[in-house]
Amino acid sequence: MPLVSAESASAKAILDEHEAYLFPAVKPLYRRPVVIKSAQGVWVTDADGRDYLDLFAGVLTTSLGHCHPAVVARVQEQVATLGHTSTLYVTENQASAARRLNDMTPGDLQKSYFTNSGSEAVETAIMLARVYTGRHEIVALRHGYSGRTALATALTAHAPWRPVPTSASGIVHAASPYTYRSPLGPEASIQEHEDFFIHDLEETLDTMTDGKPAAFFAETIQGVGGYIVPPPGYFRRAAALIRERGGLFICDEVQTGFGRTGGKWFGIEHWGVEPDIMVMAKGIASGFPVGATIARAEIADAWTAKTFSTYGGNPICMAAVEATLHVMQQENTPGISEARGRQVRKGLEALRARHPWIGEARGMGLIQAIELVEGPESKTPSPRKASQLLEAAREEGLLLGLGGLHGQVVRIGPSMLITANEVEEGLARLARACARVDGAG
Ligand SMILES: Cc1ncc(COP(=O)(O)O)c(C=O)c1O
């Protein structure tokens, strides 16, 4: 007997309105989308009153869980005090949120610009690199995802996420350090994969740019791409290559920031590399719309032309940033992610041993995924199995994410305050969902 039955009249009415009045591009997951009414911690309740354990956190965004009481209280206080200013005025909230980012980020990153989304934060980073270097060309990575604005779409290297041609953007793409699907095959060592992908980047810089690139831009773990973790020396060598050519290294920590990767505040810190510019969003405000671009002071100071954001640095959003970062520091989200991430990974490896259509379990901390294949002998990506698993998990009252170029990767990225018991419960539901997929054939 499925735990989730047909939706009620009110859920149906909401779905009908959604379909009638929104772009079809506002496309929810699932054959029968989940109509969410409320949420608390790692639990989400739909319009029919059914509860789901949320292991995807609104795409790794409700970093402290849904409606964390400290964030709710701080935002409620702020909304009744000062709701809007624009970037034409100074507020304590914006200045102190920026100071916290300076404290938490690696190296000499010091000055921030706040916007409303990851896409805008990416745009700001690319424009800043071009302003500072006086150069235009950007090298990004295939399988990367950077957002939905024109420039962010041009950085994104997944055909399904590109509604219009992006060829005039001054952006070229090197191979993604995707070891599972490396042309070298599974026999190659990690060092050989690393050498291969670095060679590809070097050749891209030397053959597809004018040799004077403005920046190398990369996610530290490719998120939408399917949680692609690079070989350990990749970023150290990539940053050295771009700097030899006079360009900057921009890292995108939109999915990987604030402890998500376990043990460190930011993904790039695992490899001892200090970026010139860093992009953040999602988990920074536990669900409030904030993007941030932080840069070395000398680089930020180069932007002297006018720029303005109506909602950037909004006092309510900055209050959410402040409350979120305060709780993260108090609770030590990098430490929790490390411990809970180990637990999730152990569970995923056990499932991989049981189900030959799970090709690989990968990730760091609480950014963990399984890549599904037609297997056991074939590595052909299986979006079919991935969507079966997503639907089966929904039947078990479990929310997961999808990713990968073909939609063949099932992604996990819950609240970083998830407890060991909640992880255990999630893994039990996932195991039952996997058994349902076996049953479906
Ligand atoms: C790595 C990365 N960068 C940028 C973005 C764009 O963020 P937003 O959707 O807030 O515009 C995303 C969104 O998923 C992302 O994953």
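Residues numbered from 1 in each chain as written. Predicted model: local features only at pLDDT ≥ 70, side-chain atom pairs only at ≥ 80, totals over all residues. Heavy atoms only, no water.

## Observations regarding the pattern of salt bridges
Here the idea is simple: oppositely charged side chains can pair when their charged atoms come close.
Part 1 of the reasoning: Counted under the stated rule, the structure contains 24 salt bridges.
Part 2 of the reasoning: A salt bridge links Asp-46 to Arg-50; the nearest nitrogen and oxygen atoms lie 3.5 Å apart.
Part 3 of the reasoning: Owing to a relative accessible area of 5%, Asp-46 belongs among the buried residues under this scheme.
Part 4 of the reasoning: Across the salt bridge formed by Asp-301 and Lys-111, the nearest N and O atoms sit 2.9 Å from each other. Residue Asp-301 is located in the loop between helix H9 (297-300) and helix H10 (315-331), and its partner Lys-111 is located in strand S4 (residues 109-115); the two are separated by 190 residues in the primary sequence.
Part 5 of the reasoning: Its relative accessible area of 45% is what places Asp-301 among the partly exposed residues.
Part 6 of the reasoning: Through salt bridges with shared partners, a single ionic network connects Arg-181, Glu-360, Arg-362 and Glu-371. (Salt bridge = Lys/Arg side-chain N within 4 Å of Asp/Glu carboxyl O. Buried < 20%, exposed > 50% of the residue type's maximum accessible area, 1.4 Å probe, protein only. Helix = DSSP H or I, 4+ residues; strand = E, 2+ residues; numbered from the N terminus.)

## Details of a nonpolar patch on the surface
Part 1 of the reasoning: On the surface, Leu-22, Phe-23 and Val-26 cluster together to form a nonpolar patch covering roughly 310 Å² of accessible area.
Part 2 of the reasoning: By relative accessible area, Phe-23 is classed as exposed at 66%. (Patch = residues over 30% accessible without salt bridge, like charges linked within 9 Å, V, L, I, M, F, W, Y side chains within 5 Å. Areas by Shrake-Rupley, 256 points an atom, 1.4 Å probe, with all protein chains shown as cover.)

## Re the domain arrangement of the protein chain
Part 1 of the reasoning: In terms of domains, the protein chain is made up of domain 1 (9-67 + 334-440) and domain 2 (69-331).
Part 2 of the reasoning: Placing a centre on the C-alpha atoms of domain 1 and another on those of domain 2 gives a separation of 25 Å.
Part 3 of the reasoning: Counting residues at the interface gives 40 residues for domain 1 and 39 residues for domain 2.
Part 4 of the reasoning: Of the roughly 3,100 Å² buried where domain 1 meets domain 2, counting both sides, 61% is carbon and sulfur surface.
Part 5 of the reasoning: If you sort the residues of domain 1 by the area they bury against domain 2, Pro-334, Met-364 and Ile-367 come out on top, with a joint share of 21%. (Domains from an automatic or database assignment. Contact = heavy atoms within 4.5 Å. Buried area = accessible area lost by both parts, 1.4 Å probe.)

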